[in-house]
Amino acid sequence: MDFKDYYKILGVEPTADDKQIKAAYRKLARKYHPDVSKEKDAEAKFKDASEAYEALKSADKRAEYDELRRYGQHGQPFQGPPGWQSRGGFGGGQDTGEFSDFFSSIFGSRGNGFGGAQGRSPGRRGQDVEMELPVFLEETLSTESKAISFQVPQYNAAGQHVSNTTKSLNVKIPAGVADGERIRLKGQGAPGIGGGANGDLYLIIKFAPHPKFEVDGENLIINLPLAPWELALGAEVAVPTLTGKINLKVPAGSQNGQRMRAKGHGLLNKTGQRGYLFVQLKAVMPKSSDDEVKALWQELAKKADFDPRENWGR
C-alpha cells in the first residue's frame, strides 16, 4: 500500500486553508471529469482529486491525516507510526469501494473515521499519557527507530486507578521535528474501560544540549577557534558537523565574531531540507608568550599602523 500525499495531488501547500483546498479540487474536477475530459488517465486523476478533497475538507480527518503524513512519502510504501493499525482491515492492494485502500486504511471503508459512528464503543476512553523525550541532534537526522519506555496507568471497571505498567515502543523521530514539539501516538496511552478506545501517548521533544552546536530553528551555530594570524592570513580548517567534517576556507582579513555559513549542514525542516550551519569565528590568543614572541607582537604593532578604536565612541 503506497502513501498518498493529498496536498500534492491537489497542488496546494499543507498550510492551505479550506477555501484554497476547495478551489483546487474544483479546478481539477472540471479538468479531469470523465464525462468531459480528453486528458490521459482522466478518470484516475479525477478519482485521486475527489479522494484528496474528501480527506482534507473535514477538520477532523485532515488533522488525523496530518499526523500520519509525518511518516509517509508520496508514492512510497507506507508504514504508520508505532502501534498504528489500518482501519480497513486488509493488507492493501485492492480498492474498497469509492476510494483507495490507503484512504480506507486511515478512515475506514466508509471514510467516516474509526470505522463509522455505528462501530464506536460505548465504553470509556483510556487516559492520555504524556512524557518528555530527550533527543540528540544526531537522532533528528537518523532513519533508525528510538526505543522508549513509559508508565501507563491501569484502571479497574469502576474507573479506579489500580496500578502502573511499563510499556516499550520503538519510535521513529519525524523529519523536521522541533525542540518542544508535541507528537501524538494514537492509541498508545492507557487502555480504555469497558471496551472504550485507548488513550494517546504524547511525546514532548526535548533536544539534549550538544557540546559543540547551538540550535536556532533549523540552523546550527558553532564557534570556530582561530589564532590571530589565521584571521589575518586566512586558513583552511576542518569544521565538525552532525554527520562528519567539512573543510572551511577562512578568508584573509576575517574578523573576530564574523559568521560564515555552510548550506545543508543544519537540521532537517518539515520539507526534508537541511538548514545552514553558521560558523562563528572566534579569535583565541596564546596563553603565554616568551620574550621573542612578545618582540614580534611589538614589531607588528609598529608596522601595522592600525588603530582599532579609530572610530570608536564617536
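Residues numbered from 1 in each chain as written. Predicted model: local features only at pLDDT ≥ 70, side-chain atom pairs only at ≥ 80, totals over all residues. Heavy atoms only, no water.

(A) Main features of the overall build of the protein chain. A count of helical and extended segments in the protein chain gives seven helices and 11 strands. Counting over 314 residues, the protein chain shows a buried share of 36%. Intrachain contacts of the protein chain at a sequence separation of at least 6 include 57% that bridge at least 24 residues. Summed over its atoms, the accessible surface of the protein chain is roughly 19,300 Å², and 48% of this surface lies on carbon and sulfur atoms. (Helix = DSSP H or I, 4+ residues; strand = E, 2+ residues; numbered from the N terminus. Buried < 20%, exposed > 50% of the residue type's maximum accessible area, 1.4 Å probe, protein only. Contact = heavy atoms within 4.5 Å. Areas by Shrake-Rupley, 256 points an atom, 1.4 Å probe, with all protein chains shown as cover.)

(B) Main features of helix H4 (residues 59–69). Within the sequence span of H4, burial applies to Lys61, Arg62, Glu64, Tyr65 and Leu68. In an axial view of H4, the angular spread of the buried residues amounts to 165 degrees, which keeps them on one side of the axis. Opposite the packed face of H4, turned more than 90 degrees from it, sit the exposed residues Ala59 and Asp60. Contacts from the buried residues of H4 go to helix H1 (6–10), helix H2 (18–32), helix H3 (42–56) and helix H5 (101–107). (Arc of directions from axis to C-beta.)

(C) Structural context of unusual backbone geometry. Even without being glycine, Asp41 reaches a positive phi, approximately 60 degrees. Mapped onto the secondary structure, Asp41 falls in the loop between H2 and H3.

(D) Main features of the packing of aromatic side chains. Tallied over the full model, the rule gives seven aromatic pairs. With a centroid separation of 5.9 Å and 40 degrees between ring planes, the pair formed by Tyr276 and Phe278 is classed as tilted. Connected via pairs of aromatic rings, a cluster forms that spans Phe3, Tyr6, Tyr7, Tyr65 and Phe102. Lying over the aromatic face of Tyr202, Arg182 brings its terminal NZ or CZ to 3.9 Å of the ring centre. The lysine or arginine in question, Arg261, covers the ring of Tyr276, its NZ or CZ lying 4.4 Å from the ring centre. (Phe/Tyr/Trp six-rings, centres within 6.5 Å; stacked < 30°, edge-to-face > 60°. Lys NZ or Arg CZ within 6 Å of the ring centre and 35° of its normal.)

(E) Quick peek at the pattern of salt bridges. Under the counting rule described, the total for this entry stands at 14 salt bridges. Residue Arg184 is joined to Glu67 by a salt bridge in which the shortest nitrogen-to-oxygen separation is 4.0 Å. One end of the pair, Arg184, is in strand S4 (residues 182–185); the other, Glu67, is in helix H4, with 117 residues separating them in the sequence. On the basis of relative accessibility, which here comes to 21%, the residue Arg184 falls in the partly exposed class. Its salt-bridge partner being Arg125, residue Asp128 comes within 3.0 Å of it at the nearest N-O pair. (Salt bridge = Lys/Arg side-chain N within 4 Å of Asp/Glu carboxyl O.)

(F) Molecular detail of the confidence of the model for the protein chain. Taken over all residues, the pLDDT of the protein chain has a mean of 84, while the share at 70 or more is 88%. Looking over the protein chain, one finds the lowest element-wise mean pLDDT in H5, namely 81, and the highest in strand S7 (residues 219–226), namely 97. Predicted confidence for residues 89–97 stays below pLDDT 50, and this span has 13 contacts to residues more than four positions away or in other chains. The model gives residues 110–121 a pLDDT under 50, and that stretch makes 19 contacts with residues more than four places away or in other chains. (pLDDT = per-residue confidence, 0-100.)

(G) Representation of a positive patch on the surface within the structure. Together, Lys22, Arg26, Lys27, Arg30, Lys31, Lys40 and Lys45 make up a region of like positive charge exposed at the surface. Looking at the positive patch, the element that brings in the most residues is H2, giving five residues. Residue placement: Arg30 occurs in helix H2. The exposure class assigned to Arg30 is exposed, which follows from its relative accessible area of 61%. (Patch = residues over 30% accessible without salt bridge, like charges linked within 9 Å, V, L, I, M, F, W, Y side chains within 5 Å. Lys, Arg positive; Asp, Glu negative; His and termini not counted. Charge placed at Lys NZ, Arg CZ, Asp CG, Glu CD.)

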